[in-house]
Every structure is written in structure tokens, then in C-alpha cells.
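# Structure assessment
The primary structure of each chain is shown beneath.
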Amino acid sequence: MDRKVVDFKERKTVELEWRKYTKLGIFILIIILLLILLLSSLFIVREGEFKVVRQFGEVVRIKTEPGLSMKVPFIQSVSTLPKYQMTYDVSQAEINTKDKKRIIIDNYALWKITDPKKMITNARTVENAESRMEEFIYSVIRTELGQLNYDEIINDEKSSRGSLNDRVTEKVNDLLSHDQYGIVVTDVRMKRTDLPNENENSVYTRMISERESTAQEYLSKGDARKNQITAETDRKVREMLSKAQADAEVIRSEGEGEAAKIYNQAFSKDREFYQLYRTLESYKKTIGEDTVIVLPADSPYARLLMGYTK
């Protein structure tokens with residue numbers, strides 16, 4: 001009989017405890033769900049990014065300022081767009097220059113998003129925006145370089161590449177603004193220019209020929225300058241020698257005149273001695289080792305030779 005007896009008091013206690021734990025579990029579950037709901041409605045906007053809030057695929061708002069923000073959970077979604085400046089490596093392309101030469105250009109661009117809503121509306125994704133930007137860059141560079149000769153592009157001394165980069169940047173931004181892509185290019189730069197492989201050898205040969213021609217031109221100019229300097233120097237030397245000879249003749253004539261004056265003053269004191277001296281001086285010029293003179297015996301000239309002085 002004892003086995004069939006049920007303790008209703010103990011059973012009631014168990015049921016009360018079970019209800020208590022069930023309510024506690026439901027309360028905890030509700031708290032967890034509320035936390036999940038709260039967390040799913042919060043999002044953080046960081047520095048250097050845009051937060052785009054969409055509802056059923058449509059953009060409802062864009063958060064640009066850093067901080068904590070909220071959205072409708074499970075209905076609205078949040079995506080991120082970069083706010084900082086980005087670098088895009090433009091694909092290599094082949095263009096023709098003004099003098100009909102083909103070259104391969106390689107560029108890069110610095111750009112950023114300025115209006116996320118326009119960018120999403122017209123380009124939808126960053127990749128599409130970059131693709132459109134690349135098309136515009138290629139089109140503008142092809143037009144600009146098509147107005148320059150190959151030498152003007154590769155020769156640093158003649159190159160207008162600095163202003164070319166500015167013109168390309170400005171025109172690309174005009175195209176992007178016209179189509180309202182919500183992005184701006186801050187700079188477009190040319191990394192390098194190459195020739196197609198089939199053109200390299202012919203261009204190198206032509207460049208070598210041009211350099212040799214330039215070197216020969218410099219050598220010719222140098223030789224001409226050398227001859228000019230030599231001729232000028234020879235002329236000045238001749239002028240200096242001529243002037244020196246003229247000065248020497250003047251000095252010599254003055255000296256001879258002064259000497260003649262002195263001789264006259266000296267010889268005028270004894271005329272007979274002067275005549276004897278002049279006669280002796282004439283002997284130096286008329287009588288040599290093999291000279292034969294036939295003179296009358298009574299000739300004064302002969303008498304002097306024979307020692308008669310009276």
C-alpha cells in the first residue's frame with residue numbers, strides 16, 4: 001500500500017522550481033535577443049571611411065563623420081567606402097605619336113571619392129569607378145601625346161611632360177564631373193614610355209646616327225673655332241712684329257742721326273784726320289785678300305797705301 005501513495009506536496013515543489021527556472025531562461029533569452037537586436041542596429045564610422053546605409057538595396061543615408069550610429073536591424077544594411085586617397089595603376093596601352101611612331105605608355109593615378117552617393121548611383125562599385133577613370137585617362141593621354149613628336153616625349157630637355165600631366169588630370173576630372181561619378185583624380189603621372197619590341201632596334205639605330213651626327217657637328221664647330229683663333233693670333237703676331245720693326249727703324253734712324261751728329265762734331269775739329277779715317281774705312285770695303293788695285297803712283301790713295309802721308 002505504501003508504494004501506491006503519492007506525495008503531492010513534493011510534486012508541487014518540483015513543479016514550482018521548474019516554472020521558476022523556465023521563467024528565468026525565458027528572461028535570459030529575451031535579454032540575449034534584445035542585445036543581439038541592439039548590436040545589429042549599431043555600427044561604427046571610422047576615420048577615413050564612408051558608411052553607406054541601404055534599405056532594400058536603395059541608399060537611404062551616408063555617414064561621413066566618425067562615431068557611433070544606428071540603423072534598422074534586419075531591414076537596413078551598411079557598406080563601407082574608402083574616404084582616403086587611393087592609387088590606381090593604369091593598364092599599359094599603345095598609342096601613336098604625331099610623327100607616326102608607336103609607343104607603350106604606363107601611368108598611375110591618385111584619386112579619391114568626393115560624393116559617395118553619386119559614385120554609387122552612376123558607378124555602383126569602386127571597381128567600376130576605376131574602370132571608367134582608366135578609360136578617360138587612356139582617351140585623354142592618347143589625344144595629348146598624339147599632338148607630340150616621339151623626341152618631345154622622351155627627351156627631357158624638350159619635354160613638356162610636366163604640363164602634360166596637369167592637362168591630363170584636368171581633362172579627366174572634367175569628364176568625370178560631366179558624368180557625375182562622384183570621384184576626383186588628384187594626379188596622373190607617366191611612369192615610363194617604351195617602344196614595341198619590333199621598333200626598338202630601328203629607333204636605337206636612328207638615335208645612334210643622330211648622336212654621331214651631333215658629335216660631328218660639335219667637332220666641325222670646334223675645328224672652325226680653332227682655325228678662327230689661330231688666324232686671329234697670327235694676325236695679332238704679324239701686327240705686333242710689324243709695329244716692333246717700325247719702332248726699331250725709327251729708333252735706329254734716330255740713333256744713326258745722333259751718331260752722325262756726334263761724328264760731325266768730332267771730325268770738324270780735325271778735317272785732315274777725318275779724311276784719313278774715311279779713307280781707311282773705305283779700304284775695309286774695297287780691299288780684300290785677293291784684291292788687285294791698279295793706281296797711278298802719284299795717286300793719293302796709292303800714296304797712303306804705300307805709307308806716304310805727306
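The structure presented is a predicted model; accordingly, all values stated were derived computationally and were not measured.

### Concerning the overall build of the protein chain
The helix and strand tally for the protein chain stands at eight helices and nine strands. By element, 55% of the accessible surface of the protein chain is carried by carbon and sulfur atoms, the whole surface being about 23200 Å².

### Notes on the environment of D89
When you line up the elements, D89 lands in strand β6 (residues 86–89). Judged by relative accessible area, which is 46%, D89 ranks as partly exposed. Expressed as a C-alpha distance, the spacing of D89 and E130, which sit 41 residues apart in the sequence, is 9.7 Å. Here D89 is in contact with D106, N107, Y108 and K191, once residues within four sequence places are set aside. There is a polar contact of 3.0 Å between the side chain of D89 and the side chain of K191.

### A few points about the nonpolar core
Membership of the largest hydrophobic core comes to 37 residues, with the highest contact counts inside it found for W111, I113, M119, L145 and I183. Broken down by element, this core gets its largest block of residues, eight residues, from helix α3 (residues 126–145). When near neighbours in sequence (up to four residues on either side) are disregarded, W111 contacts Y84, Q85, M86, Y88, V126, E130, M133, I183, V184, V185 and T186.

### Focus: the side chain of E130
Among the structural elements, E130 can be located in helix α3. Notably, E130 is buried but unbridged: the nearest opposite-charge side chain belongs to R132, and the N-O separation is 13 Å. Sequence-distant contacts of E130, defined by excluding residues within four places in its chain, comprise Y88 and W111.

### Remarks on the confidence of the model for the protein chain
Mean pLDDT for the protein chain: 80, with 82% of residues reaching 70 or above. Mean pLDDT across the elements of the protein chain ranges from a minimum in helix α8 (residues 300–305), with 67, to a maximum in β6, with 93.

### Digging into the pattern of salt bridges
Enumeration according to the criterion identifies 14 salt bridges in this entry. Between K171 and E144 there is a salt bridge; the shortest N-O distance is 2.5 Å. Of the two residues, K171 is situated in helix α5 (residues 161–178) and E144 in helix α3; the sequence distance between them amounts to 27 residues. Residue classification places K171 among the partly exposed residues on the basis of a relative accessible area of 39%. Via salt bridges that share partners, D89, D106, K191 and R192 belong to a single interconnected network.

### Re unusual backbone geometry
In this structure, R124 takes a positive phi of about 70° despite not being glycine. Secondary-structure assignment places R124 in the loop between α2 (116–122) and α3. By relative accessible area, which is 61% here, R124 ends up exposed.

### Looking at the environment of Y263
Tracing the backbone through its elements, the reader meets Y263 in helix α6 (residues 197–267). Counting along the chain gives eleven residues from Y263 to Y274, while the straight-line C-alpha distance between them is 9.2 Å.

### Examining the sheet that holds strand β2 (residues 49–55)
The strand order β3-β2-β5 describes an open sheet built from three strands, whose pairing is antiparallel. With partners counted over all chains shown, the strands left at the sheet margins are β3 (58–63) and β5 (76–82), one partner each. Adjacent strand axes in the sheet meet at a mean angle of 30° when their direction is disregarded. Where β2 and β5 come together, seven bridges link them in antiparallel fashion. In the sheet register, V52 faces β5, and the bridge partner there is S79.

Parameters and conventions
Residues numbered from 1 in each chain as written. Predicted model: local features only at pLDDT ≥ 70, side-chain atom pairs only at ≥ 80, totals over all residues. Heavy atoms only, no water. Helix = DSSP H or I, 4+ residues; strand = E, 2+ residues; numbered from the N terminus. Areas by Shrake-Rupley, 256 points an atom, 1.4 Å probe, with all protein chains shown as cover. Buried < 20%, exposed > 50% of the residue type's maximum accessible area, 1.4 Å probe, protein only. Contact = heavy atoms within 4.5 Å. Polar contact = N/O pair within 3.5 Å; in protein donor to acceptor, adjacent residues only side chain to side chain. Core = buried A, V, L, I, M, F, W, Y, C linked by side-chain atoms within 4.5 Å. Lys, Arg positive; Asp, Glu negative; His and termini not counted. Salt bridge = Lys/Arg side-chain N within 4 Å of Asp/Glu carboxyl O. pLDDT = per-residue confidence, 0-100. Pairing = 2+ DSSP bridges. Axes fitted to C-alpha atoms, helices over the stretch in contact; angles between N-to-C directions.

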